[in-house]
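Results of the structural survey
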Amino acid sequence: MRKVLITGITGFAGSHLAEWVLSNQKDVEVYGTYRVRSRMENIQDILSEIHLYECELKDPHSVSEMIKKIKPDVIFHLAAQSFVPTSWNSPGETLIANQVGQLNLFEAVLKHDLDCRIQIACSSEEYGQVYPDEVPIKEENPLRPLSPYAVSKVGQDYLGYQYHKSYGLKVFRTRTFNHTGPRRGESFVTSNFAKQIAEIEKGNNPPVIYVGNLKAKRDFTDVRDVVRAYWLAVEKGVPGEVYNIASGVTYTIEEMLHKLLRMSKAEIEIRQDPGRMRPSDVDILLGNYEKFHKQTGWKPEIPFDQTLQDLLDYWRAR
Ligand code: GDD
């Protein structure tokens, strides 16, 4: 039996990964960490099939005890402060949660002398300021982070590199571009717009949708494709390496909004909300995932329209 530990199992990517592992892998036991305030609704359907462990990743003692007890063979480190705007309000908290949280995990693995494979959730936000001649973005592109969140992910990324080089930890760095699908937190743009449309359809809100910067371009992959990529990264990746996980297609946020609006019969007015604008926004993210494809054979399978339809239906059903 292989023990698979997912930090942040109650979250968006974590819950999808747990489901994927349970449905697609044999001879594995799935463990997950949660905090007292974690909401369990994402993992309701699989509660009886997983082992949950309360752990505060910011606390080295808590992490060390958890690792000693579980002794995982594989770790997917998905717990994080993952919302970019929160990082401007709480930059220190974002750095501590993301970088110190991961550091505590690495230190615990070293302390208990575990030979385990560790995937870390790095981000396309690390590329930040990208110039037109740099797309589609490859892994060697300079990192020019534009938010405290992005800086926190650069730190996680380089800690992964450094702990691999210094101590031989088997770290797999996945730089994932935007991903979405059912259960996406409602602050993130796709889910936020889909939820607003569903609320209008239900008659709960007047027919106005509030938006921020519609000019930004993003490369979206379905979360169900992304979690399959995480598994392949630890199975077939090279330890210490970094891999882009992307779809290779980019849409403006405006194009994405109109895709969603076309899926609804409601007549909806679009209104800009200045509170949704950011101090600095990443203009374009468009990923080149060739390196990961060559190494693992992975490619995205779920079309973006399907992802958006599933997301909208998710909010309609709630
Ligand atoms: N959240 C939000 N809400 N974003 C909006 C809105 C709105 O009402 N209107 C426009 N946007 C724009 C943002 O300015 C940004 O350019 C884009 O939509 C996407 O915003 P988010 O969905 O919040 O995601 P993100 O791109 O900032 O970050 C996501 O992707 C990263 C990978 O590139 C997150 O999932 C990160 O955790 C992840 O690392």
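Residues numbered from 1 in each chain as written. Predicted model: local features only at pLDDT ≥ 70, side-chain atom pairs only at ≥ 80, totals over all residues. Heavy atoms only, no water.

**Some details on the site of the ligand**
To keep things clear, this is the line we draw: Residues are labelled near a given molecule or strand when at least one of their non-hydrogen atoms is within 4 Å of it. Nitrogen and oxygen atoms within 3.5 Å of one another constitute a polar contact, given that in protein one can donate a hydrogen and the other can accept it, and given that sequence-neighbouring residues count only through two side-chain atoms. Accessibility throughout is a Shrake-Rupley quantity obtained with a 1.4 Å probe, and a residue counts as covered only by protein chains that appear here. Here the nonpolar group is Ala, Val, Leu, Ile, Met, Phe, Trp, Tyr, Cys and Pro; Asp, Glu, Lys and Arg are the charged ones; every other residue, Gly included, is treated as polar.
Close to the ligand lie 25 residues; Ser82, Ser123, Ser124, Tyr149 and Asp281 are nearest. Arg184 is positioned such that a nitrogen or oxygen atom in its side chain is 2.8 Å from an oxygen atom of the ligand. Here a nitrogen atom of the ligand sits 2.8 Å away from a polar atom, N or O, in the main chain of Ser187. Considered on its own, the ligand offers 720 Å² of accessible surface; in the complex 96% of this is hidden by protein. Split by residue class, the shell around the ligand holds 11 nonpolar, 8 polar and 6 charged.

**A short note on the sheet that holds strand 5 (residues 117-123)**
Quick note on the threshold: Pairing between two strands requires that DSSP report at least two bridges joining them. Counting from the N terminus, the helices are DSSP H or I runs at least four residues long and the strands are E runs at least two residues long. Each axis is a line fitted through C-alpha atoms, taken for helices only over the stretch in contact, and angles between the N-to-C directions span 0 to 180 degrees. By the convention used here, residues are in contact when the closest approach between their heavy atoms is within 4.5 Å.
Read across the open sheet, the 7 strands follow the order 3-2-1-4-5-6-11; overall the sheet is parallel. For this open sheet the edge positions go to strand 3 (50-54) and strand 11 (242-245), each flanked by a neighbour on one side alone. Between one strand axis and the next, the sheet turns through 20 degrees on average, direction left out of account. Packing against the sheet, helix 1 (residues 12-24) makes contact with strand 1 (2-7), strand 2 (28-34), strand 3 and strand 4 (74-77), and its axis sits at approximately 165 degrees to strand 2. Sitting on the sheet, helix 7 (residues 223-236) touches strand 1, strand 2, strand 4, strand 5, strand 6 (170-176) and strand 11, and the angle it makes with strand 6 is about 150 degrees.

**Points about the confidence of the model for the protein**
In low-pLDDT segments, the atomic positions of the prediction should not be examined closely. As a reminder of what qualifies: Across the chain, each position has a pLDDT score giving the predictor's confidence in that residue, from 0 to 100.
Per-residue pLDDT for the protein has a mean of 98; in total, 100% of the residues score no lower than 70. Interface confidence for the predicted complex, expressed as ipTM, amounts to 0.99; the pTM equals 0.98.

**Some thoughts on the packing of helix 4 (residues 91-111) against helix 5 (residues 148-167)**
The criterion, for reference: For classification, angles of less than 35 degrees are called roughly parallel, those exceeding 145 degrees roughly antiparallel, those between 65 and 115 degrees roughly perpendicular, and all remaining angles oblique. Each helix crossing is assigned a hand: it is left-handed if the near helix lies turned anticlockwise from the far helix by less than a right angle, otherwise right-handed if that turn is clockwise.
Close contact between helix 4 and helix 5 brings their axes to 8 Å; oriented N to C, the two are set at 15 degrees. Between helix 4 and helix 5, the interaxial angle falls into the category roughly parallel. The handedness of the crossing between helix 4 and helix 5 comes out as right-handed. Contact with helix 4, carried on its side by Pro91, Thr94, Leu95, Asn98, Gln99, Gln102, Leu103, Phe106, Glu107 and Leu110, involves Pro148, Tyr149, Val151, Ser152, Lys153, Gly155, Gln156, Leu159, Gly160, Tyr163 and Tyr167 of helix 5 and no other residues of that element. Looking at the contact of helix 4 with helix 5 residue by residue, the class counts come to 11 nonpolar, 8 polar and 2 charged.

**Thoughts on the packing of aromatic side chains**
To describe a pair of aromatic rings, one takes the distance between the centres and the angle between the planes. Formally: Centre distance within 6.5 Å is the pairing criterion for rings of Phe, Tyr and Trp, where only the six-membered ring of Trp is used; planes under 30 degrees apart are then read as stacked, over 60 as edge-to-face, and the remainder as tilted. Exposure classes here rest on a 1.4 Å probe applied to the protein chains alone. A residue is buried below 20% of its type maximum, exposed above 50%, and partly exposed in between.
In total, this model carries 12 aromatic pairs according to the counting rule given. Seen in terms of ring centroids, Trp20 and Trp231 are 6.0 Å apart; in terms of plane orientation they differ by 45 degrees. Their pairing is tilted. Of this pair, Trp20 sits in helix 1 while Trp231 sits in helix 7, and the two are 211 residues apart along the sequence. As far as the burial class goes, Trp20 and Trp231 line up, both buried. On the numbers, 5.1 Å between centres and 70 degrees between planes, the contact of Phe83 with Phe188 is edge-to-face. Separated by 105 residues along the polypeptide, Phe83 in the loop between strand 4 and helix 3 (84-89) and Phe188 in the loop between strand 7 (179-180) and helix 6 (189-201) bring together distant segments of the chain.

**Here we look at the pattern of salt bridges**
This is how the line gets drawn: Any carboxyl oxygen of Asp or Glu within 4 Å of a side-chain nitrogen of Lys or Arg constitutes a salt bridge here.
Scanning the entire structure with this criterion turns up 28 salt bridges. The partner of Arg39 in a salt bridge is Glu41, with the nearest N and O atoms 2.2 Å apart. Judged by relative accessible area, Arg39 falls into the exposed class, the value being 59%. Classification of Glu41 as partly exposed rests on a relative accessible area of 30%. Taking the shortest distance from any N to any O, the salt bridge between Glu93 and Lys58 comes out at 2.6 Å. Of this pair, Glu93 sits in helix 4 while Lys58 sits in the loop between strand 3 and helix 2 (60-70); the two residues are 35 residues apart in sequence, bridging distant segments of the chain. Here Lys58 falls in the partly exposed class, since its relative accessible area comes to 26%. Where salt bridges share partners, they join Glu125, Arg218, Arg278 and Asp281 into one cluster.

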